[in-house]
Amino acid sequence: MTLIVYINTAGDQNARDDDLFQIDAAGFLVDMGCVLVDHCSHAVNAASRIALQRAIRRIKPGDTLVVARLGYLGSSISDAVSTLTVLSGKGAQVFCVDAGKTDLCASGDGSPIRILQLAAELERDAKRARALDAAAIAKKDGTHQGRPASLSDSQRQQALKALAAGSTVTAIARVLSTSRQTIIRLRDAASRDSTVVQSPPVEH
């Protein structure tokens, strides 16, 4: 049975050594060949953490994954629950030094995964409630809802003129520091508006 250690330093040069010290102090015998490290922001979701995904692929039934922080398993409670669910399905044990000697993949009444699932539901419900409250207040105050426009009116006009002159979507997006999808949506909307304006009235 293999013990795999996963660490996400998030750019902190001391995090790796600090975590290894804590894991060793917690009684886990670490093989440095089984230590996998990411250096990405903690806001990056689990699916995009390269070393974490490598660790998950290496896990076999009976293996153990050790982390120092619960946040290493995901960018949110629900993301961490998803990671633990995958690991549980692979027959792994998962220990978080911050959580003590409890196997996070243990089953049964009061299992850590179930408790975290309930916490994730609470997190989602709270977020939904805050969004609804904010929308109600904004509606009452007459405040505009939704994402702000990524391009100003002058930038939209600049993009449309560039499209008419034959510039590519990619080139325009680069100049205006926006996405290709934004320029494509602008082009398609302008095309629809043009079609409506140019269509002759239907005679009855």
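Just above sits the structure.
Residues numbered from 1 in each chain as written. Predicted model: local features only at pLDDT ≥ 70, side-chain atom pairs only at ≥ 80, totals over all residues. Heavy atoms only, no water.

### Here we look at the nonpolar core
A general trend in soluble globular proteins is that nonpolar side chains are found buried together. V5, Y6, L65, L73, L84, L87 and V94 are the most contacted members of the largest nonpolar core, which totals 33 residues. Where this core is concerned, the elements lending two or more residues are β1 (3-8), α1 (15-25), β2 (35-38), α2 (50-58), β3 (64-67), α3 (77-89), β4 (93-96) and α4 (112-141). In contact with L65, not counting residues within four places along its chain, are I4, Y6, A55, I59, L73, L87, Q93, V94 and F95. Judged by nonpolar contacts, the second largest core, of ten residues, contains A159, V169, A173 and L186. (Core = buried A, V, L, I, M, F, W, Y, C linked by side-chain atoms within 4.5 Å. Buried < 20%, exposed > 50% of the residue type's maximum accessible area, 1.4 Å probe, protein only. Helix = DSSP H or I, 4+ residues; strand = E, 2+ residues; numbered from the N terminus. Contact = heavy atoms within 4.5 Å.)

### Examining the side chain of T83
Along the chain, T83 turns up in helix α3. A polar contact of 2.6 Å, which involves the side chain of T83, links it to the backbone oxygen of L73. With near-sequence residues (within four places) excluded, T83 lies in contact with A46, I56 and L73. (Polar contact = N/O pair within 3.5 Å; in protein donor to acceptor, adjacent residues only side chain to side chain.)

### Some remarks on the pattern of salt bridges
When their charged atoms lie close together, side chains carrying opposite charge are able to pair. Taken as a whole, this structure holds seven salt bridges when the rule is applied. Close ionic contact of R69 with D19 constitutes a salt bridge, the shortest N to O distance being 3.9 Å. Taken together, the residues R69 in the loop between β3 and α3 and D19 in helix α1 connect sequence positions 50 residues apart. Taking the relative accessible area as the measure of exposure, D19 reaches 2% and is therefore buried. Note that E121 and R114 form a salt bridge whose closest N and O atoms lie 3.8 Å from each other. Accessibility expressed as a relative area gives 39% for R114, which makes it partly exposed. (Salt bridge = Lys/Arg side-chain N within 4 Å of Asp/Glu carboxyl O.)

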